[in-house]
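# Commentary on secondary and tertiary structure
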Amino acid sequence: MLRVVSWNINGIRSPVQGVGYEEPSNCTAMAMGRILDKLDADIVCLQETKVTRDVLTEPLAIIEGCNSYFSFSRNRSGYSGVATFCKDSATPVAAEEGLSGLLATQNGDVGCYGNMDDFTQEELRALDSEGRALLTQHKICTWEGKEKTLTLINVYCPHADPGKPERLAFKMRFYRLLQIRAEALLAAGSHVIILGDLNTAHRPIDHWDAVNLECFEEDPGRKWMDHLLSNLGCQAGSHTGPFIDSYRCFHPNQKGAFTCWSTVSGARHLNYGSRLDYVLGDRTLVMDTFQTSFLLPEVMGSDHCPVGAVLSVSSVPAKQCPPLCTRFLPEFAGTQLKILRFLVRLKQDPVFRQSALQLSNQTPVQMRQNKARVRSTRSRPSQAGSSRGQKNLMSYFQPSSSRPQASPNLELPSLDTLVTPKTSEEDVMANVEGQAKASEAKDEKEVRTSFWKSLLRGPLPMPLCGGHREPCVMRTVKKPGPNLGRHFYMCARPQGPPTDPSSRCSFFLWSRPS
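Remember, it's a predicted structure, so these values are computed and weren't measured experimentally.

Reading the values: the criteria
- Residues numbered from 1 in each chain as written.
- Predicted model: local features only at pLDDT ≥ 70, side-chain atom pairs only at ≥ 80, totals over all residues.
- Heavy atoms only, no water.
- 1 Å grid on protein atoms, 1.4 Å probe; cavity = no way out; pocket = protein on both sides within 12 Å on 5 of 7 lines; lining within 4 Å.
- Points joined across faces, edges and corners; volume = space filled by probe spheres on them.
- Helix = DSSP H or I, 4+ residues; strand = E, 2+ residues; numbered from the N terminus.
- Pairing = 2+ DSSP bridges.
- Axes fitted to C-alpha atoms, helices over the stretch in contact; angles between N-to-C directions.
- UniProt positions renumbered as here; feature names shortened; annotations may be inferred.
- Buried < 20%, exposed > 50% of the residue type's maximum accessible area, 1.4 Å probe, protein only.
- Contact = heavy atoms within 4.5 Å.
- Polar contact = N/O pair within 3.5 Å; in protein donor to acceptor, adjacent residues only side chain to side chain.
- Nonpolar A, V, L, I, M, F, W, Y, C, P; charged D, E, K, R; others polar.
- Patch = residues over 30% accessible without salt bridge, like charges linked within 9 Å, V, L, I, M, F, W, Y side chains within 5 Å.
- Areas by Shrake-Rupley, 256 points an atom, 1.4 Å probe, with all protein chains shown as cover.
- Salt bridge = Lys/Arg side-chain N within 4 Å of Asp/Glu carboxyl O.
- Phe/Tyr/Trp six-rings, centres within 6.5 Å; stacked < 30°, edge-to-face > 60°.
- Lys NZ or Arg CZ within 6 Å of the ring centre and 35° of its normal.
- Expected span 1.5 Å × (residues − 1).
- pLDDT = per-residue confidence, 0-100.
- Parallel < 35°, antiparallel > 145°, perpendicular 65-115°, else oblique.

### Structural notes on empty space enclosed by the protein
Under the counting rule described, the total for this entry stands at one cavity of 30 Å³ or more. In this structure, the largest cavity spans a volume of roughly 40 Å³. In terms of lining residues, the largest cavity is bounded by Ser246, Tyr247, Arg275, Asp277, Tyr278, Val279, Ser293, Phe294, Leu295, Val307 and Gly308. Listed by contribution, the elements that provide at least two residues to the lining of the largest cavity are α6 (246–250), β10 (277–282), β11 (290–295) and β12 (307–311).

### Some remarks on the sheet that holds β11
Sheet strands pair by backbone hydrogen bonding; their relative direction is either parallel or antiparallel. What the six strands build is an open sheet, ordered β3-β4-β2-β1-β12-β11; its pairing is mixed. Both outer strands of the open sheet, β3 (66–71) and β11, are each paired with one neighbouring strand and no more. Here the strands of the sheet are splayed against their neighbours by 15° on average, with no regard to which way each runs. Direction of pairing for β3 relative to strand β4 (residues 82–87): antiparallel, over a ladder of six bridges. Bridged to Cys66 within β4 is Lys87.

### Some details on the UniProt feature "active site" (unreviewed entry) in the protein chain
The positions UniProt marks with the feature "active site" (unreviewed entry) are Tyr156, Asp197 and His304. Spatial clustering of the annotated residues is evident: they stretch over 149 residues in sequence, but the largest pairwise C-alpha distance comes to 12.5 Å. Annotated residues from the preceding list that form part of the lining of the largest pocket: these are Tyr156, Asp197 and His304. With respect to the helices and strands, Asp197 occurs in strand β8 (residues 191–197). For Asp197, a relative accessible area of 2% corresponds to the buried category. Ignoring anything within four residues of it in the chain, the contact list for Asp197 reads Asn8, Gln47, Val155, Tyr156, Cys157, Leu276, Asp277 and His304. In terms of polar contacts, Asp197 uses its side chain to reach the side chain of Asn8, at 2.9 Å. Take His304: it is sitting in the loop between β11 and β12. Those residues in contact with His304 that sit more than four places away from it in its chain are Trp7, Asn8, Asp197, Thr259, Cys260, Trp261, Arg268, Leu276 and Asp277.

### Regarding the layout of surface pockets
The computed volume of the largest pocket comes to approximately 1,300 Å³. For the lining of the largest pocket, the leading source of residues is helix α4 (residues 165–187), giving three residues. Looking at the lining of the largest pocket, its residues break down into 16 nonpolar, 13 polar and 10 charged.

### Quick word on a nonpolar patch on the surface
On the surface, a cluster of nonpolar side chains totalling about 540 Å² of accessible area is made up of Leu393, Met394, Tyr396 and Phe397. By the secondary structure assignment, Tyr396 is in the loop between α10 (364–377) and α11 (415–418). On the basis of relative accessibility, which here comes to 60%, the residue Tyr396 falls in the exposed class.

### Observations regarding the packing of aromatic side chains
Across all of its chains, the model carries seven aromatic pairs by this definition. Relative to Phe72, the ring of Phe70 has its centre 5.9 Å away and its plane inclined at 10°; by these criteria the two rings are stacked. The same class applies to Phe70 and to Phe72, which are both buried. Seen in terms of ring centroids, Tyr175 and Trp224 are 4.0 Å apart; in terms of plane orientation they differ by 0°. Their pairing is stacked. Of this pair, Tyr175 sits in helix α4 while Trp224 is found in helix α5 (residues 220–228), placing the two residues 49 residues apart along the sequence. Here the aromatic cluster, defined as three or more aromatic residues joined through ring pairs, consists of Phe70, Phe72 and Phe85. Sitting over the face of the ring of Phe216, Arg222 holds its NZ or CZ atom 3.7 Å from the ring centroid. Lying across the ring of Trp510, Arg486 places its NZ or CZ 3.9 Å from the centre.

### Points about α4
Compared with the 33 Å implied by 1.5 Å per residue over 23 residues, the 34 Å span of α4 between its first and last C-alpha is a close match. The first or second residue beyond α4 is Gly189, which carries a positive phi of 100°.

### Looking at the confidence of the model for the protein chain
Averaged over every residue, the pLDDT of the protein chain is 83; residues scoring 70 or more account for 78%. Below a pLDDT of 50 lies the segment residues 15–26, which in the model reaches 27 contacts outside its immediate sequence neighbourhood of four places, other chains included.

### Overview of the packing of helix α3 (residues 121–128) against α4
Running from amino to carboxyl end, α3 crosses α4 at an angle of 95°, the nearest separation of the two axes being 11 Å. One way to sum up the angle between α3 and α4 is to call them roughly perpendicular. Side by side, α3 and α4 meet where Glu123, Leu124, Ala126 and Leu127 of the first sit next to Phe170, Arg173, Phe174 and Leu177 of the second. Its residues placed into classes, the contact of α3 with α4 shows six nonpolar, no polar and two charged.

### Overview of the pairing of β4
Burial runs high along β4: five of the six residues are buried. Bridging between strand β2 (residues 43–47) and β4 involves five bridges; their strand directions are antiparallel. Considered in β4, the bridge of Gln47 is made with Val82.

This is the structure we're talking about:
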């Protein structure tokens, strides 16, 4: 059996909590290894790793018993990125970064690029510059004993921001390039699995609020998936595209099968999300080898949950990892740690060589005599009259000569001549004045205290929402517009279906400016 899992991890360097409901480990290598163990897959594909090569560390990249492959964003740090971890028993025969072939090294690449004449070189370079695709090619053996080729395309498709129409165009061009490459691999005789975050909920059943969305079926991303996939799963005579959505093949009517939730609104608590993560296989592969397809919503640590599938094939590991494997990177291979690379051998002078030879031929007795001769010829500082020598400890306890000495014949004035005794009236007046000053100081302190208390009285108590009469939460408007930066109150409960009384109510109240 071959088990593959895909997960949008939302940052591979962040501590992943909730995997198996255990405490996160402080050691990065142990944490990453524990994640792979909990997913229990032969091949794990991660999306949105948010690392670039300059910040990738060896504990994250090299895990015992696995070989890993990374694709990095070339434009921004902490953005996008995908990674594939393969067990040594599923070592690929080839690996390649990107879809266009521009990042290929011609050594250990997957190949089969298809007709990309519709794209310019600049466009292809831009589509592959965000680190959104990684291909690994494996040899598999079917239950009939036939050896075949399987190519996994690990993708993190772009998100179409409604406020940025150019990103929608970028997303659709990425989809087109992905389809061209996948179909070219199929035409070359390889089985193909596309898995990862496609950033599109295909059907209304895959979205929590599809009914209230305008033109849901007319979305360009959904139309592209309609052409890519067979629309009725595994039923005969329903072929419209070369690939099958494996989860809908085994669970065609399963509602609430979501893989992504909003963390801000706490929507995961009431399963108020959408299905953006898929395992798509070519029709022949799914019909002949797929045993099941599943979701893992109990695995926490990201705003997505893992998805996966099990195939009734066995992997035939390659004898050696492809060159793209992270263990071959210079920073992890150890080659740059050798200081000899920075040293140059020079020709020795004959005189120096002869003196070195003489020193090496000396006996131990001669070497000790030479050392003693060197010590005796060293100049020694004078013990007497040296102003820079270390002082004796007792010198710090001797009386200083510069300090003026008190004369024994000096008579001190009488205390009676310096201090005039106060009368009883003066004592009373001083006491009254002291009490008056203390009272004034106390009053002034109370005035200052009351002033600062009125000024720094702290935040006002939270208003109660209208639906549940519970304290609200304060939010800030982040959308550009006239209300940008304003604060408002809303129900603190997690987002959910409007028919669910335990979900968030529609209470809204602007916060008064302080």
